[in-house]
Amino acid sequence: MPASTPQHILIAQAWPYANGSLHLGHITAFLGADILARYHRLKGDSVLFVSGSDCYGTPIAVEAAAQQVSPATIAEKYHQEFRKTLINDLSFSYDHYGATTDVPHREFVQDIFLSLHKKGHLYTKKDTVLFSPSLNQFLPDRFVEGECPHCGFASARGDQCDECGRLLDARSLKNPHANPKIFGDRAKQGERLEERESEHFYLRLSAFQDEIGQLVEERGGAWRQQAAQFTKRFVENGLQDRPVTRDTDWGIPIPIDGYDGKRIYVWFEAVLGYLSAAKVRAGADWDRWWRSDKAKHYYVHGKDNILFHTVILPAILVGSDKDLHLPDAVFSSEYLLLEGRQFSTSRNYAVWAHEFCRSFDGELLRYFLTVQGPETSDTNFQWSSFGELVNGELIGTFGNLVHRICSFVEKHVPEGVTVDAMSESAEQLCTAARQLHKTVGEHIESGQFRKALRSIIEVAEAGNRFAQQTEPWKRIQEDRERATSDLAVLLHVIHTLSIAVQPFLPKTSKTIQSFFGGETVSSDQDSPTKGAWGKESPTTFKIRSTAPLFQKIEEAVVEKQKEALSGE
RNA sequence: AGCGGGGUAGAGCAGUCAGGUAGCUCGCCAGGCUCAUAACCUGGAGGUCAUUGGUUCAAAUCCAAUCCCCGCUACCA
């Protein structure tokens, strides 16, 4: 495969919200971003993979009040936890992982805010909002609970009634009060909420109707279906202006005098992290990624984030500087269910990523969440199938091929092996291996990670079949030359596999490379094997060392995890 | 309620756009092999493709209606 022209690639992974630990659902939504980043680096492209922790906003302030600590303490605690889980446990290879509390981010956001204001894309409007005197804070819709004016349901939320499904205006609720699910008993019982006037900045989304419509029309084909459909429908209904400031003191200050008690809304500023983080990392080269139409941008997140990335962010980009690069590929994942039910943070019905990684190697999770990823529809995480797939496929098929061949060569042909005359079946196997990088690359670039990993496993299966047919462990007695050539063919295939699997299982890839001695595929940005993707693997090998790649998962361990779950 | 996705062997899924003997992985059963982490290889059992009606020589696939599951609906990140 000829090396294509190196491209400037931006991978924009959604910023996890720092008010609680990450569960497997978050990881499955983010994982594709790291696969893309690693793949493009191996291909030789200039990659900028950015994300960070989303640290501001009312939910964090509320959580802080409940624990009687500062919002900054909560945000910092989860920010550090996210870093450890994503980078250390799960090998995410960020070029920059920041936080919305970083000073460069704040300054960047304020600049954009001023620029939009100057161009008339932001305007102020007064509105009445419910206010709790005892909590001394405004209550946005979701924070209010009351009786539904349509069906009489007592615990309707301020934005929508869960019983009859109607959308509501919080001020229409009968007996409105602070939502006890959020505030517990901290709000005064039977308190009467006040309607107070508050002035806010609105983003003139309606002005970008045509630009956004054109964006989804032109590029929606490269987005996940749900993202494109949902955005199209939304644009067809007509874009409405929306407020981008909030009544809170936990957020980025508005860079205009006279708005002391108000802050910039998290969804306005968090998405700008893709720009500010890129700037921190790339410095003067920032334009190559952000102000070049030759760059390519991938957005990776869960489906609840779609509109913020396909409508609001593009509107901000177009409005503040028309040369800024707009989204190319949008990979919004569906949801991961847990034993058939939705993850629930509040009911503690979840498998937490950091706890998971205390019991299992992160590589196993990366494998499972890729083959079982919710790419086109919701999928299920079941402990039993996790154990079965890891033991049966990852270890049984892939790990076993590597281990059986490498250890055999190490033991019986310590001087090394070279590909000699190839039989027809050996030719077939090598052809399949030669095709692999191209196939896998196409699948990765189109966001079909399951298919990509599936094609890798298929080649490993073919390798096992070839070993079974040629039986080098028998043939080595009667026809040593032929047997060692067959073994070299197998090592050639394993070498190809070790590169192909790097975006998915980086540590495993590195381990296999170490069996061959010397050459390693590192996850670092300045990897010495940058550009290794698609290169023909060698045909001469000497095995320096071997060890099983993975440890099997005991059935008892799976059972124990399952029990821990039902005890919610 | 609106919108989007889905309903195919015990489980998880592909196939549906371009109609033509129903496929993959795991599990199960039998055999083989023994280099390998009871692994790997071969063969087998198991499905009225949610339901009903229509188009067609032919429908999992196209059309219509119905039922069920999941998600989203923007001041919850």
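Quick caveat, the model's predicted, so the values are computed rather than measured.

Novice: Tell me what's going on with empty space enclosed by the protein, and back it up with residues and numbers.
Specialist: A complete count under the given rule lists four cavities of 30 Å³ or more for this structure. The volume enclosed by the largest cavity comes to roughly 130 Å³. The biggest single contributor to the lining of the largest cavity is helix 1 (residues 24-43), with five residues. In the lining of the largest cavity, the residues fall into eight nonpolar, five polar and two charged.

Novice: Tell me about helix 18 (residues 480-500), and please be specific about residues and values.
Specialist: Under the 1.5 Å per step criterion, the end-to-end length of helix 18 is 30 Å for 21 residues, consistent within 8% with the ideal 30 Å. Most of helix 18 is tucked away, with 18 of its 21 residues classed as buried.

Novice: So what about the environment of R291? Which residues, and what values?
Specialist: Inspection of the secondary structure assignment puts R291 in the loop between helix 10 (286-290) and strand 14 (296-302). With 152 residues separating them in the primary sequence, R291 and L139 have C-alpha atoms 39 Å apart. With residues up to four places along the chain from it excluded, the contact list for R291 reads W286, D321, D323 and L324. Of the polar contacts made by the side chain of R291, one reaches the side chain of D321; its length is 3.1 Å.

Novice: Which residues make up the protein's contact with RNA strand B, and what values go with them?
Specialist: Around RNA strand B there are 48 residues in total, and P59, R142, R242, W267 and Q342 lie nearest to it. Per the 4 Å cut-off to the protein, sugar and phosphate atoms form 69% of the nearby atoms of RNA strand B. In the model, a sugar or linking oxygen of RNA strand B is placed 3.1 Å from a nitrogen or oxygen of the Q372 side chain. H403 places a side-chain nitrogen or oxygen 3.3 Å from a sugar or linking oxygen of RNA strand B. The set of elements that each furnish at least two residues to the surface near RNA strand B consists of helix 7 (225-236), helix 8 (266-270), helix 14 (383-412), helix 16 (449-470) and helix 17 (472-478).

Novice: How would you summarise the environment of K188 if you had to cite specific residues and measurements?
Specialist: Relative to the helices and strands, K188 is located in the loop between helix 5 (180-183) and strand 9 (194-203). Looking at K188, the relative accessible area reads 60%, which means it is exposed. Through-space distance from the C-alpha of K188 to that of P253 is 29 Å; in sequence the pair is 65 residues apart.

Novice: Describe in detail the nonpolar core, supporting the description with residues and values.
Specialist: In a soluble, globular protein the nonpolar side chains are often hidden away together inside. Counting residues in each nonpolar core, the largest one holds 169 residues, and the members touching the most others are Y274, W290 and F398. Dropping the residues within four chain positions of it, Y274 is found in contact with A12, Q13, A14, W15, V50, W290, Y299, H309 and L313. Grouped together as the second largest cluster of nonpolar side chains are 14 residues, F143, A156, F183 and A187 included.

Novice: Any details on the sheet that holds strand 13 (residues 262-264)? Residues and values, ideally.
Specialist: Each strand in a sheet pairs with its neighbour through backbone hydrogen bonds, running either in the same direction (parallel) or in the opposite one (antiparallel). Sheet architecture is open: three strands sit in the order 11-13-12, paired in antiparallel fashion. Because the sheet does not close on itself, it has two edges, and the strands there are strand 11 (245-247) and strand 12 (252-253). Pairing of strand 12 with strand 13 involves two bridges; the strand directions are antiparallel. Within the sheet, the bridge partner assigned to P253 lies in strand 13 and is R263.

Novice: Give me the lowdown on unusual backbone geometry, citing residues and values where you can.
Specialist: The bulk of non-glycine residues show a negative phi, and the bulk of peptide bonds are trans. Within the chain, Q68 stands out as a residue other than glycine whose phi angle is a positive 55°. Structurally, Q68 is set in the loop between helix 2 (58-67) and helix 3 (71-89).

Novice: Report on a negative patch on the surface, specifying residues and quantitative values.
Specialist: Together, E388, E555, E559 and E563 make up a region of like negative charge exposed at the surface. The residue E559 is located in helix 20 (residues 555-566) in this model.

Novice: Quick rundown of helix 2? Include the residues and the values.
Specialist: Of the positions making up helix 2, those classed as buried are T58, I60, V62 and A64. On its buried face, helix 2 sits against helix 3, strand 5 (137-138) and helix 5. The positive-phi residue at the C-terminal boundary of helix 2 is Q68, with phi of around 55°.

Novice: Tell me what's going on with the pattern of salt bridges, and back it up with residues and numbers.
Specialist: For the structure on display, the rule yields 22 salt bridges. E442 is the salt-bridge partner of K438, the closest N and O atoms lying 3.4 Å from each other. With K438 and E442 both in helix 15 (residues 424-445) and four residues apart, this pair spans about one turn of that helix. Look at K438 and you get partly exposed, because its relative accessible area is 43%. Looking at E442, the relative accessible area reads 47%, which means it is partly exposed. With a closest N to O distance of 3.9 Å, R482 and D486 form a salt bridge. Highlighted residues: R482 and D486, both in helix 18, separated by four residues, approximately one helical turn. Each of D287, R291, D321 and D323 takes part in salt bridges that share partners, so that together they form one network.

Reading the values: the criteria
Residues numbered from 1 in each chain as written. Chains lettered and ligands numbered in written order. Predicted model: local features only at pLDDT ≥ 70, side-chain atom pairs only at ≥ 80, totals over all residues. Heavy atoms only, no water. 1 Å grid on protein atoms, 1.4 Å probe; cavity = no way out; pocket = protein on both sides within 12 Å on 5 of 7 lines; lining within 4 Å. Points joined across faces, edges and corners; volume = space filled by probe spheres on them. Helix = DSSP H or I, 4+ residues; strand = E, 2+ residues; numbered from the N terminus. Nonpolar A, V, L, I, M, F, W, Y, C, P; charged D, E, K, R; others polar. Expected span 1.5 Å × (residues − 1). Buried < 20%, exposed > 50% of the residue type's maximum accessible area, 1.4 Å probe, protein only. Contact = heavy atoms within 4.5 Å. Polar contact = N/O pair within 3.5 Å; in protein donor to acceptor, adjacent residues only side chain to side chain. Near = heavy atom within 4 Å. Core = buried A, V, L, I, M, F, W, Y, C linked by side-chain atoms within 4.5 Å. Pairing = 2+ DSSP bridges. Patch = residues over 30% accessible without salt bridge, like charges linked within 9 Å, V, L, I, M, F, W, Y side chains within 5 Å. Areas by Shrake-Rupley, 256 points an atom, 1.4 Å probe, with all protein chains shown as cover. Salt bridge = Lys/Arg side-chain N within 4 Å of Asp/Glu carboxyl O. Lys, Arg positive; Asp, Glu negative; His and termini not counted. Charge placed at Lys NZ, Arg CZ, Asp CG, Glu CD.

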